[in-house]
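Listed here are the chains, written in short residue letters.
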Amino acid sequence: MYLRRTLTWTLPSTLLAGLLLFTSASDAQILHKKRKKVNKSTSADNTAEPDKILYNRAVDDIKHGRQEVGRLGLQTLINTYPDSEFLAKAKLGIADSYYKESGTANMAQAIQGYKDFIVFFPFLPEAAYAQLQVANAHYQQMAKPDRDRSEAKAAEDEYQTFLSKYPKDPLADKAQQRLRDVQEIIAEGDYRIGYFYYVKGDRRAAAARLTTIAKRYPLYSKSDRVLWMLGDIYEKSEHKEVASIYYGEIVKNYPLSGLAPNAKNKLVAFKVPVPQPDPKAVAWMTAEQNAPRPHESLVKKPLAMVRTGPHSEMVASAKSGAPNLEPEADNTSATDILSGGNRSQLGGASGARNTAVVETVTPGGAAPAATESAPAAEGTPAAGAPEAATPNAAAPTPAQPPEAGNGGSAVAPVGSPTIEPTANAAAGGPGSEQPAKADSAASGDAPAADASKTDSASQSADSQSMDDKKDGKKESSSKKKKGLKKVLPW
């Protein structure tokens, strides 16, 4: 009975195990039959170009954050296949990898890579993208308006270059908006400095900063305030004709500003015609007021104190209008504005004399044509120059002898030193005469003037000889004292 039971249990188990082994072997044979040997030399993957394989792998690595691995693959492609059709894309990919990795050092490498691409491949469609990326790299590194503005200035130059070279590019609208943001930051920095000097009372320094804003950045959000401060500065400096121009600009180009009514009152007080508002300016200001702007939440507002980059300037910047595409070329310095004597003069370089008067220029208008002034005649002042600059001034110069009381020639006192001619007389050139000679020729007493010259020359020679004798006596006495000290040291 026991053997029967074991056989009945073991036989089904053995049969089941055999069936399982048979089915697995048959499946393995079927799978083995389905798999065919493939000749790798004729596969589709092997027929692809090796430079293309390198490029695709490198791009995939850069896409997934493996920047260094991707750059290594692209550099291998450039070194191994210098005639590959993917050479330009590889160079651009290396610059993109540095840009995506961010950081000061990586941004510098990205800028250099994009510029190299523009130099080597200027006619490819990707050259416009490279130029825009150079500007974007500087844009990402901009600081606040009261900090270093070198990156903002560089971004402005690069965006202007992009818009001048590729005005019809699909990315031109984005570049225009970013240029407006950059110019808002630069203008805000100049405005803060100009406002500081304006409140302090330094009109010359304030006018130097504010004039640059009024000329270059008409889309600045505080341009009406800039024009008002300039008008007030020139009004207090007794230049009402210039102040009226700036007040007129507020009424004409910023008619919806809150300062426009006060500007009209100023023009009426100056008895100057009030200009009509420009319809284009009205449409532009209306569009700016209705433009959607991002609002910062209450949670993020306290973080503005620790934010390193600009933010409020981006919100307040203009959203429409053509930005200024001309590079900065204003050579007017702070010392050229509101100079002494209530006159605006151009200062000469390296101390040279320059009497050219600054012409009044309307902000945003065309520059006046350059006119060459004829050289002033001998003994006559230049046009517009004050009378004190003429050689024959009303006040006697140190080199001019005083007039005699009863028609006699004045004689210089004995021992008076000879005085060199002043700089105003020397500035007349070699053909100009001395002030004393000009006065004597004008009075008509030539013989008396000659006699006075000979007397003064002889007296000056006598005084010089007397001074020499005194100096000799002093030297001899000092030598004697030195000799006595050598003999009697006490």
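See the structure shown above.
Residues numbered from 1 in each chain as written. Predicted model: local features only at pLDDT ≥ 70, side-chain atom pairs only at ≥ 80, totals over all residues. Heavy atoms only, no water.

Asker: Can you help me understand the overall build of the protein in this one?
Answerer: Broken down by element type, the protein carries 18 helices and zero strands. The buried share among the 490 residues of the protein stands at 30%. Considering only residue pairs separated by 6 or more positions, the protein has 60% of its internal contacts joining residues 24 or more positions apart. In the form shown here, the protein has an accessible surface area of approximately 32000 Å², with 58% of it arising from carbon and sulfur atoms. (Helix = DSSP H or I, 4+ residues; strand = E, 2+ residues; numbered from the N terminus. Buried < 20%, exposed > 50% of the residue type's maximum accessible area, 1.4 Å probe, protein only. Contact = heavy atoms within 4.5 Å. Areas by Shrake-Rupley, 256 points an atom, 1.4 Å probe, with all protein chains shown as cover.)

Asker: Would you take a moment to explain a nonpolar patch on the surface for this structure?
Answerer: Taken together, the side chains of Leu303, Met305 and Val306 define a hydrophobic patch exposed on the protein surface, amounting to about 370 Å² of accessible area. In this fold, valine 306 is placed in the loop between helix H14 (279–290) and helix H15 (312–316). (Patch = residues over 30% accessible without salt bridge, like charges linked within 9 Å, V, L, I, M, F, W, Y side chains within 5 Å. Salt bridge = Lys/Arg side-chain N within 4 Å of Asp/Glu carboxyl O.)

Asker: What am I meant to see in helix H3 (residues 50–63) here?
Answerer: For an α-helix, 3.6 residues make a turn, and residues three or four places apart therefore share a direction. Over its 14 residues, H3 extends 20 Å from the first C-alpha to the last, a length consistent with the 20 Å expected when each residue adds 1.5 Å. Along H3, the positions that sit buried rather than exposed are Asp51, Tyr55, Ala58, Asp61 and Ile62. Projected down its long axis, H3 carries its buried residues within an arc of 130 degrees, all on one side. In H3, the exposed positions angled more than 90 degrees off the buried face are occupied by Arg57 and Lys63. Buried residues in H3 make contact with helix H4 (67–80) and helix H5 (87–101). (Expected span 1.5 Å × (residues − 1). Arc of directions from axis to C-beta.)

Asker: For this particular structure, what's the right way to read the packing of aromatic side chains?
Answerer: Aromatic ring pairs: the centre-centre distance and the angle between the two ring planes describe each pair. The final tally for this structure, using the stated rule, is eleven aromatic pairs. Consider the rings of tyrosine 191 and tyrosine 195, whose centres lie 6.0 Å apart with planes at 20 degrees: the pair is stacked. With a gap of four residues between them, tyrosine 191 and tyrosine 195 both fall in helix H9 (residues 172–200), about one helical turn apart. The class of tyrosine 191 is buried, set by a relative accessible area of 8%. You can call tyrosine 195 partly exposed: its relative accessible area is 41%. With a centroid separation of 6.0 Å and 55 degrees between ring planes, the pair formed by tyrosine 191 and tyrosine 220 is classed as tilted. With tyrosine 191 in helix H9 and tyrosine 220 in the loop between helix H10 (203–216) and helix H11 (223–236), the pair connects residues that are 29 residues apart, well separated along the chain. Tyrosine 220 shares its class with tyrosine 191; the two are buried. Here the aromatic cluster, defined as three or more aromatic residues joined through ring pairs, consists of Tyr191, Tyr195 and Tyr220. The side chain of lysine 91 reaches across the aromatic face of phenylalanine 120, ending 5.7 Å from its centre. (Phe/Tyr/Trp six-rings, centres within 6.5 Å; stacked < 30°, edge-to-face > 60°. Lys NZ or Arg CZ within 6 Å of the ring centre and 35° of its normal.)

Asker: Whenever I open this one, the environment of tyrosine 197 confuses me. Can you help?
Answerer: Mapped onto the secondary structure, tyrosine 197 falls in helix H9. Here tyrosine 197 falls in the partly exposed class, since its relative accessible area comes to 26%. C-alpha separation for the pair tyrosine 197 and arginine 209, spaced twelve residues apart in sequence, amounts to 9.2 Å. Once residues lying within four places of it in the same chain are set aside, the contact partners of tyrosine 197 are Asp202, Ala205 and Ala206.

Asker: Explain unusual backbone geometry to me, please; I cannot follow it from the model alone.
Answerer: Non-glycine residue glutamate 238 carries a positive phi angle of around 65 degrees. Classification of glutamate 238 as exposed rests on a relative accessible area of 61%. Even without being a glycine, lysine 271 presents a positive backbone phi close to 60 degrees. Mapped onto the fold, lysine 271 is located in the loop between helix H13 (260–269) and H14. On the basis of relative accessibility, which here comes to 76%, the residue lysine 271 falls in the exposed class.

Asker: What's the story with the packing of helix H12 (residues 240–253) against H13 in this structure? I'm lost.
Answerer: The description of two packed helices rests on the angle between their axes and on the distance between the axes. Across the interface, H12 lies against H13 with an axial gap of 8 Å and an inter-helix angle of 140 degrees. In this view, H12 runs oblique relative to H13, as classed from their interaxial angle. Once H12 is placed against H13, the crossing between them reads as left-handed. Contacts between H12 and H13 involve Ser244, Tyr247, Gly248, Ile250 and Val251 from the first element and Ala260, Ala263, Lys264, Lys266 and Leu267 from the second. Split by residue class, the contact of H12 with H13 holds six nonpolar, two polar and two charged. (Axes fitted to C-alpha atoms, helices over the stretch in contact; angles between N-to-C directions. Parallel < 35°, antiparallel > 145°, perpendicular 65-115°, else oblique. Left-handed = near helix turned anticlockwise from the far one by under 90°. Nonpolar A, V, L, I, M, F, W, Y, C, P; charged D, E, K, R; others polar.)

Asker: Teacher, can you tell me more about the environment of glutamine 133 here?
Answerer: Mapped onto the elements of the fold, glutamine 133 is located in helix H7 (residues 126–140). C-alpha separation for the pair glutamine 133 and isoleucine 111, spaced 22 residues apart in sequence, amounts to 7.7 Å. The residues contacting glutamine 133, other than those within four sequence positions of it, are Asp96, Tyr99 and Tyr114.

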